[in-house]
Amino acid sequence: MNAKPESVRRMEVPLLDLKGQYQALKAEILPVIEKVCAGQHFILGPYVTELEQRVAKYSQAAHGIGLSSGTDALLIALMALDVGQGDEVLTTPYTFFATGGTVARVGARPIYVDIDPASYNISPAAVQAFIDKQCEFKGGKLMRRAGGHIKVLMPVHLYGQVADMKPLMEIAQRYNLKVIEDAAQAIGSDYGDGRRAGTIGDIGCFSFFPSKNLGAFGDAGLCTANDPALAEKLRVLRVHGGKPKYYHSLIGGNFRIDELQAAVLCVKLNHLDSWTEGRQRNARFYDAAFARAGLTKHVRLPVTMPGYRHIYNQYVIRVGERDRLRTFLGENGIGTEIYYPVPLHLQKCFAYLGYKEGDCPESERAAKETVAIPIYPELREEQLQYVVDAIARFYS
Ligand SMILES: *Cc1c(COP(=O)(O)O)cnc(C)c1O
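These notes cover the structure that comes with them. (Residues numbered from 1 in each chain as written. Predicted model: local features only at pLDDT ≥ 70, side-chain atom pairs only at ≥ 80, totals over all residues. Heavy atoms only, no water.)

### Notes on unusual backbone geometry
Phase 1: In this structure, the amide linkage connecting lysine 243 to the following residue, proline 244, adopts the cis form with an omega of -5 degrees.
Phase 2: Note on placement: proline 244 falls in the loop between α7 (228-238) and α8 (259-269).
Phase 3: Look at the link from tyrosine 339 to tyrosine 340: it is a cis peptide, with omega at 10 degrees.
Phase 4: Mapped onto the secondary structure, tyrosine 340 falls in the loop between α10 (322-331) and α11 (361-369).
Phase 5: With phi around 55 degrees, glutamine 40 is a residue other than glycine that occupies positive phi space.
Phase 6: Tracing the sequence through the fold places glutamine 40 in the loop between α1 (19-39) and α2 (46-59).
Phase 7: Residues other than glycine seldom take positive phi values, yet glutamine 60 does so here, at roughly 60 degrees.
Phase 8: Within the secondary structure layout, glutamine 60 lies in the loop between α2 and β1 (63-67).
Phase 9: The exposure class assigned to glutamine 60 is partly exposed, which follows from its relative accessible area of 47%. (Helix = DSSP H or I, 4+ residues; strand = E, 2+ residues; numbered from the N terminus. Buried < 20%, exposed > 50% of the residue type's maximum accessible area, 1.4 Å probe, protein only.)

Structure representation (C-alpha cells):
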C-alpha cells in the first residue's frame, strides 16, 4: 500500500478557501458595510430584522432570532426551555464540542447516545434502547433511574444532512421531551418531506461561523422557532432577559448578532442556494469519480438518505489507514480535516460523566476512520479529480 513516486502535476487544494467567494461578492458586500457604518446603527438594526425574517422564511420557520454565534444559539435554546440543574439532555457524542458543552454550561447533564454509522447522526434505535434500559416514564416525566429528569432531545444534523427526525420526534412526543435541533451545519437541508433543518423540533440552532455554508465575517448565529411565545422568550433572553428594558423577570445574556454581520449575511443569503448546488455538484463528481477509479472498497462514500436535501457542509469519507492517507494528501497539497477526532463522551472535561471507551462504539469508530476532503463550491473539476487521483495513488 505504498504510494509510488510518480510525476504528477502538483495542485493546491485547500479544505476551504473563502477568498474566491469574497472576490466574487466584494462589489455587493462593501456597499452594505459602508451603509451600516454611515448609519452607525450597530445593535439590532434593520439588517438584523431583515436577516431574521429571511432566514426564517428560507427555513420555513415562523420566527428567527439573530444571535452572537451558533454556540450561543444552543445555549439560549436550553435557557429558553428552562434546562438546568437536575436536568438531562440526550444528544450525540459525534459532533462539535458546543453541542455537549452548552448542556454542561447550563448545569445540566449531557447523555451521549451513539450514532447510526451510515449517516453519522444520532441513532433513533439507540435512543429508544437507552430509554428502555435506563429510564422510567412517570408523572409525565422521563426519569433516568440513576439520575435526573431527561427534558430535551438534541439531535445534530451533521455535515449538512438532517438526522432521522420522524422516529426521533415520535420518541420526543412519547416521553414529553422538547427537541432542540443543532442545525449549525445544515441550513436549508431537508428531511425529504420538504421540512427543513431547524423547524421540525421546538427550536433550531444555526451557526454563521465563516466555514458554514452561510458564513459571516466573524461569529454569528440564529435560532428558529414556530411557537410565538418561545420565540419571544428567546428574544428577551438575548437582551439579558430585560423586558421592558432594565426590568428583568428572566436572567439572560448579551447574545445579540452584530448589525454588520447581519448585513453581510443578507447579501450572502442571496447566493446560498447556488453555493449549495455547487457543493452538491462536487459531491456527485466525487461519488462518480471514486466509483470510476475503483476505489469504493477503500473509500466509503457519504451516504445520502433517499430524497433528503443534503447541503454538504462537509464531504466526509471513511477510509482505512486514515492518518497515513491524511499525511500523504497533505504532502500533495490537499487540505483535509478530522471532524471529530475525540467523541464528546471521551473528552477529558466530561470524565465526571463516567463514560469509557466502548460506550459509543460507532462514534469511536467514526472518529478513527473518517476524514473530510475539500467540497466548497468554487473548486474546479480538475481539483476534485486531483484529490481522487491522489487517493487512488495512495491505495495503489
Ligand atoms: C459550528 C457548530 C456549532 C457552533 O457554532 P459557532 O457559531 O461556531 O459557535 C455548534 N454545533 C455544530 C454541530 C457546529 O458545527
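What follows continues from the structure just given.
### Notes on the pairing of strand β12 (residues 370-373)
Phase 1: Alternating positions in β12 separate into two faces, Thr370 and Ala372 on one and Val371 and Ile373 on the other, with burial throughout.
Phase 2: As judged from the four bridges shared by strand β11 (residues 315-319) and β12, these two strands associate in the antiparallel manner. Of the residues in β12, the one forming a bridge with isoleucine 317 is valine 371. (Pairing = 2+ DSSP bridges.)

### Side note on α7
Phase 1: Those residues of α7 that sit buried are Leu230, Ala231, Lys233, Leu234, Val236, Leu237 and Arg238.
Phase 2: Among the structural elements, α2, β1, α3 (70-80), β8 (203-207) and β9 (221-225) are those in contact with the buried residues of α7.
Phase 3: After α7 finishes, the residue histidine 240 shows a positive phi value of roughly 65 degrees. (Contact = heavy atoms within 4.5 Å.)

### A short note on the sheet that holds β12
Sheet strands pair via backbone hydrogen bonds, and the direction of the pair is either parallel or antiparallel.
Phase 1: The strand order β10-β11-β12 describes an open sheet built from three strands, whose pairing is antiparallel. The open sheet terminates on both sides in strands that have one partner only, identified here as β10 (299-300) and β12.
Phase 2: Sheet strands in contact with α11 are β11 and β12, and its direction is about 95 degrees off that of β11. (Axes fitted to C-alpha atoms, helices over the stretch in contact; angles between N-to-C directions.)

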